[in-house]
Each structure stands twice: as structure tokens, then as C-alpha cells.
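# Structural features, examined
Here's the letter readout for the chains.
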Amino acid sequence: MIAEPKPPRRFLPEVQSLRAVAVLLVVAYHLEPRLVPGGFIGVDVFFAISGFLITGHLLREVRKTGRIDLPGFWAARVRRILPAAFAVILAVLAATMAFLPATQWKTVGTAALASAFSVENWVLAADAVDYLASDAEPTALQHFWSLGVEEQFYLVWPLLVLLAVWVARSLRGIGARERVGRRETSGGLPRTALLLVFGIVIIASLAYSMVLVGSGNPAAYFITPARVWEMAAGGLLALLLAPPEPGLAARGARWLDVPGVRTALAWGGFAAIAAAAFGFDAGTPFPGLSAALPVAGTLAVILAGQTSGVLAPQKLLELPAVQWVGNVSYSLYLWHWPALTFFLFFAEDEPGPAQSIGLLVLSLLLAGASHRWIETPVRTLAPLAASNWRALGAGAAALVLVAALAVAPGTLAEREIAAQERAVATLLAAPPAGFGAASVPAGAPAYLEGQKQIVPVPADAEHDLPDLGECVQKPKSPITVECAKGAKDGSLTVALVGDSHATHWYRAMEETAKEQGWTLLTYLKNSCPFNATKRTAEADGSISCHQANEDTLERILERGDVDAVVTSHWAGATFEKGAAEGFAEYWGKLEDAGIRVYPIIDTPRPGTKSYARDCVAQNPDELATCGAPVSEAFEANDYTLAAAGLEPRAGVLDFSDQFCADGFCPAVIGNVLVYRDKHHVSDTYVRTLAPVFGERLEALLRADGLIDPER
């Protein structure tokens, strides 16, 4: 006789405890990353849990009915996921328009729209490989990226399960019956086909993730194909733990019933999660193979199941507080990040220990309220529970409403921008005396008399930069492109070389070259100072500079017609060792070839950790709050003067006095916004600085005999 298997447990306290662990790791990482440097792996714990639970549900339905009710499955997801998610999106939209400057409205609205349609992960992936967007402040909805990954999984995964079922039945004949001993059973689980499908997904997705991570592609963290293996691994465990078909002996893991094995497996799983949480950090290549540690730990705890004995974790896992956090984990994940981002905006600093505790308490209160009055009531609402199509229709209607409201902030911001742009056009048609840098001799006033319009419009300032296309290469590009501007056979050939802080001098160089009849060459690559020493960021593959710099140096030397090189770099860059020596090495090789080198001391930065444009938009009548004292405005690691000391033939250009006056560096000078973001100078301000730039560069060239002393 064959013993009937034990009925499966309907409630799994160990899974709820894993949810609690996962969300607390994520929250701790966001609030106090120094305490839990790898707390981001909580998301991977969630992924593995989701794959296990969702696949288990699908497999039970296939065993019971031989099919999957897709409308029913997706309706359940609508009732479970959308209410709290949409509540958070609407709350963030309302808070944004009430408290944040209009400069952020469109960005938050875009994030809200992407979050509502579960594609925020793809938006962030695109931003991650966009140099201009990668430095952007995170929105209060950025954490919706992981929900997007899960929702995309929920959309496709049941179709893959159905595909496996269809393939298996097609191979053995539709309606065929499988003989088991003297019994016959219809339907059941096509385990081999499912195992094959799940295995292919896991192997392909993990391999893809490893390739992306190995190449240093930051999009790997967000995109679904690089993450789906984690959920598929949970699905594979659900398949392996699925009870046998009626009349079949229970398969598998009798070793789990050996005394102490389940306990050891559970503790081992939690240890693996802890090892990742406290052993990983922002420099760990992730996800890739590194994500296997928290995923394996999660699956080990689930596989261990119910534990017993003196050392078993079961009593700890079943503590009411642990189970409560597990119950509200979804809402806690949703609410904690907006609470933190709004705190960061107003405080302009990271939370201290007491503030982190306060934010945690606030997040728990919001999560409890959300779970009690939003999640649970809507999920069990009789009209929606009674009809799958009604639930899907309600979800679609809610999606349309949220999407419409998500568009509103951007639309209102665009109207405001359009009105300001008209005022800007009027101002630029006849710039007043002292416009921009021209007002520095008068003490660099923020506003000129009778004028309050700031140029560029702060809400559109992110676009106020030289549009040089491929002439400015991305950080990961293996090359630097040579571009020629100005006169074809100019009286001088001058090259502008360096990173984005060299690029923001382009308009001044262009104006000077045009006025003097020079040929202007550019060798520009974001995040790559023109230095023989490698940046520390190059070690993890996030940028590719050294070989590109070597090629640039070689091309400049081989041309034979370059008279001078102007270069600058972001002083916040860090290098492996000997940064000043690295600059001096390149400068020396150029000087040895008769090419004069003119490095520019880096520009100051605004007095706010957020974007200068946001601060200015928020405080148009208190602009001093957006500037900084000279003692605090400059990065501590500007190696220009140290390198010039090692290579004294270089002629240093210093424009600090064009950004600061009377010991203070403002964010707005003569109605012009000085910075377009956290540290890049706006194109408009550089244009107003072009006359001074030209005078000082020409003075050095004249002193070095490269231009006529009489000119």
C-alpha cells in the first residue's frame, strides 16, 4: 500500500519571516548603509520568495484543473498589488506638487507614469547608462523598479508554465492517459517539461546577468532579463516540492527528515543571507553570480520548512512581531523610500541615527495603516473578488486615472517653463549691462536692477550644455573621438582635452577660436580626466579611460600641428595613486613635443547637495542659500596646482574670481544660473564668461610666443 502524503501547509511562517528579513534589510540599507552595506540583497530575497509562491500557486492549479485561469491569476495580482502601489504613487504626486520645486515635477511625473505601468526598471536602466541622467537625484518612486520586475514576471511566467504543459501534452497526445501501476491518472504535472523550461530560463538569465555585470553595464541591476532567474529559481524549488500525483509515492528528500537537518538548513540559509547583507557593498559586482548567495539562502530556508528542536529557529520566526512585519512588508517597502527621499530633500543631509529611527517608525506606521485600510480591504472587496473581469476592469480604470494624474505635474511644469522661456527670449534679445559674468566686477549680484528672470529657466537647466553628440564620448566607451571645429587652416591649432568639466568650457573655447581664427580640436570623454594614472572607478569597469587617454595623447603628438592643449578635470575624481604625477606625465610629454599645455583649475560647486537648479527654483528670493563660501565651494582634491608644480612649463588658468566675489560663490550671477546640476557650469554662464576666458588664454599664448605680442 502507498501511504497518503501529508497535506501541504496552507500558511508558511518561515516565508513571512523571510519577507520581514528582506524588507528590514532594504530599509536598513537605505537609512544606514554603513551598518548593512549589502542590504540591497533584500530585493533578491523578495524575488526568490515571489517565484516560489507564484509558481506553487500555478502548479496547484494545473494539477487540479489541468489549466491556468489567466484572467483569475492576473485579477488576483491586481487586487493584491495595485491598491497600495497606486496609493503611494498618488501620495508622492500630491506631496511633490505641494512641497517640491517645479524643476522636479516632470521627473517625478515620468517616474509615476513608469511605476504605474510597471516599467520603472527600464527607465532607470536607460538612465544608468546615460551620463547626464546617472547623476540625477533619485525620485520618491525609484524603488518601484523591483515591483516592475516582478509584475513583468507575473505577466510572462504563467504563459511559460502553460507552454510547458501544452508541449508535454502534445508530445504524449492530447487527452492521453498515463498508466501508473494499475491506476490511471489524467492531467497532473508535466514535471520533465516544466523542469526543462525552468532550467533554460535560469541558465539563460543568469548567464546574461553575468555577462552584463562582467562588462560593467550598470543597467544589469534593473533589467528584467538579468533578474528573472532569481524568481525562476524559486519556481524550480516549488516544482521540486510539489506533492506527488495521486497514487504515487512521495518523491525526494527523505534526508530532510533526519533529525537536525531542517534546523541546520534553515540556519544555513539565514547565514547566507546575512553573509551577503553584511559582506557585500556598493562595489560588489551585482547581480550576476553574487546574487546566487542570497537567493540560495532564501531557498534553503523555504526548503527547510517547519523546524523543531531546541536549536530550531521556528519559535523565533513565529514571533508576532516578526510575522507582523512580514505581513506589512509590501506596504513597508512602498512607503519607506518616499519618507526617506522627502526627508533628504528638506534636510539636505543624510539622516543621523536618531533620525533614521524616526523614519523607520514613520514607515512602520504608514505600512500598518496601508495594510489595514488599503491592502486588505481592497483585496477582499466582495464585488472585485466575485468577478475576475470586474477586478481587471477596475484595475484598468485605476491605471488610467493614475496615469492621467501622473501626466499633470509635467504638463503644469511645461506651461510654467513656456511662460518663463518667453521672458528669457525677451531678455536675451537685448541682454542688460552686467548680464552673467559681466556683473562680477560689481560684486556678482544675483539680480540686475529691474530683472528677476533667471537664465536658463531652472526647470529646463539640465539641457543647458554643449550639444556635441559623438564628440563627447560616454564613460564606458573605449575611445575618445577627435572633432575639428573653427577654421580649417587656422593661425593656431588648439585642442580641448578632458572630462565633462573640460567640456563645460567648450563654448568659451569656441567663441575665442572663432574670434581669433583658430582651428579647435576636441578630445572629450565624460568621467575621464586626461591623466596617465587610472581613476579608481576604472577598477570596477564602470568607466574606461586609460587606453582612451593613451590613444588621445598619441594622436595629438602624431598630428604635428597642435600648438596648445587646454585641459581641465572634475576635482572630485579619485585616482589609484599619484594623480598629480599622472597629469604632469602627460603634460610633460606634450611640452617636450613643443605643445604648450594650459590646465584650468576646476570650478567651484554650489552650496547645496541637491541640484542648484532645484534650490534656485525653491528659493528665488533667498538665493544665498544656494551658494557657498569660498572655503567650502571647491573640491579638496584639485590636482592642477600640484601637477603644475611637477611640470612648471604648464601655464595654469584660474577663473575662480569669475565664480566668487567677496568670499562667496553664488549660484546665480547677473540673472544667470551658474550651475545646471550639482557641479557642471551652465552653458549660458560660460558664454558670458567667454570674453574673460579669451583674454586670459591669449595672454598666456602671447607670453609663450604663440601669437603676436602686438595683437
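Figured I'd write up the structure that's included with this text. Here the structure is a predicted model, which is why all the values come from computation and not from measurement.

## Comments concerning the overall build of the chain
- Helix and strand counts for the chain stand at 25 helices and twelve strands.
- Taking the principal axes of its C-alpha atoms as reference, the chain extends roughly 110 × 55 × 50 Å.
- For the chain, the share of sequence-separated contacts (at least 6 apart) that also reach a separation of at least 24 residues comes to 81%.
- Counting only carbon and sulfur atoms, one obtains 61% of the accessible surface of the chain, whose full area is about 31200 Å².
- The averaged location of the 70 negative side-chain charges in the chain is 18 Å from the averaged location of its 55 positive side-chain charges.

## As for the side chain of Thr-298
- Looking at the element boundaries, Thr-298 is found in helix α11 (residues 292-304).
- Apart from the residues within four sequence positions on either side, Thr-298 is in contact with Leu-18, Val-45, Ala-48, Ile-49 and Ile-273.

## Overview of unusual backbone geometry
- Going from Phe-286 to Pro-287, the amide bond is cis rather than trans, its omega being 5°.
- With respect to the element layout, Pro-287 can be found in the loop between α10 (261-279) and α11.
- In this model, Val-455 is joined to Pro-456 through a cis peptide bond whose omega is -5°.
- For Pro-456, the position within the fold is in the loop between α17 (388-429) and β3 (472-473).
- Of note in the backbone geometry, Ser-118 takes a positive phi value of approximately 60° without being a glycine.
- Relative to the helices and strands, Ser-118 resides in the loop between α4 (105-116) and α5 (120-128).
- Judged by relative accessible area, Ser-118 falls into the buried class, the value being 18%.
- Positioned with a positive phi, Ala-444 is a non-glycine residue whose angle comes to about 55°.

## Some points on the side chain of Arg-676
- Checked against the element boundaries, Arg-676 lands in the loop between β12 (672-673) and α25 (683-703).
- Owing to a relative accessible area of 7%, Arg-676 belongs among the buried residues under this scheme.
- A polar contact of 3.4 Å, which involves the side chain of Arg-676, links it to the side chain of Asp-677.

## Remarks on the pattern of salt bridges
- Within the structure shown, the criterion is met by 20 salt bridges.
- Measuring nitrogen to oxygen at the nearest pair gives 2.5 Å for the salt bridge that ties Arg-605 to Glu-635. One end of the pair, Arg-605, is in the loop between β8 (596-599) and α22 (612-618); the other, Glu-635, is in the loop between α23 (630-633) and α24 (640-646), with 30 residues separating them in the sequence.
- The exposure class of Arg-605 is partly exposed, given its relative accessible area of 23%.

## With respect to empty space enclosed by the protein
- Under the defined criterion, the tally for this structure stands at three cavities of 30 Å³ or more.
- In this structure, the largest cavity occupies an estimated 70 Å³ of space.
- Lining of the largest cavity is provided by Ile-81, Leu-82, Ala-85, Phe-86, Ser-115, Ala-116, Ser-118, Phe-144, Leu-147, Gly-148 and Glu-151.
- Of the residues that constitute the lining of the largest cavity, the class distribution is seven nonpolar, three polar and one charged.

## Examining helix α21 (residues 579-592)
- Helix length check: α21, at 14 residues, gives a terminal C-alpha distance of 20 Å against a target of 20 Å (1.5 Å per residue), a fit within 8%.
- The buried count for α21 comes to ten of 14 residues, which makes it a mostly enclosed element.
- Looking at α21, one finds that the buried residues are Ala-579, Ala-580, Gly-582, Phe-583, Ala-584, Tyr-586, Trp-587, Gly-588, Leu-590 and Glu-591.
- On its buried face, α21 is in contact with α20 (546-559), β7 (564-568), β8 and α24.
- Positive phi appears at Gly-594, one or two residues downstream of α21, with a value of about 85°.

Cut-offs applied
- Residues numbered from 1 in each chain as written.
- Predicted model: local features only at pLDDT ≥ 70, side-chain atom pairs only at ≥ 80, totals over all residues.
- Heavy atoms only, no water.
- Helix = DSSP H or I, 4+ residues; strand = E, 2+ residues; numbered from the N terminus.
- Contact = heavy atoms within 4.5 Å.
- Areas by Shrake-Rupley, 256 points an atom, 1.4 Å probe, with all protein chains shown as cover.
- Lys, Arg positive; Asp, Glu negative; His and termini not counted.
- Charge placed at Lys NZ, Arg CZ, Asp CG, Glu CD.
- Buried < 20%, exposed > 50% of the residue type's maximum accessible area, 1.4 Å probe, protein only.
- Polar contact = N/O pair within 3.5 Å; in protein donor to acceptor, adjacent residues only side chain to side chain.
- Salt bridge = Lys/Arg side-chain N within 4 Å of Asp/Glu carboxyl O.
- 1 Å grid on protein atoms, 1.4 Å probe; cavity = no way out; pocket = protein on both sides within 12 Å on 5 of 7 lines; lining within 4 Å.
- Points joined across faces, edges and corners; volume = space filled by probe spheres on them.
- Nonpolar A, V, L, I, M, F, W, Y, C, P; charged D, E, K, R; others polar.
- Expected span 1.5 Å × (residues − 1).

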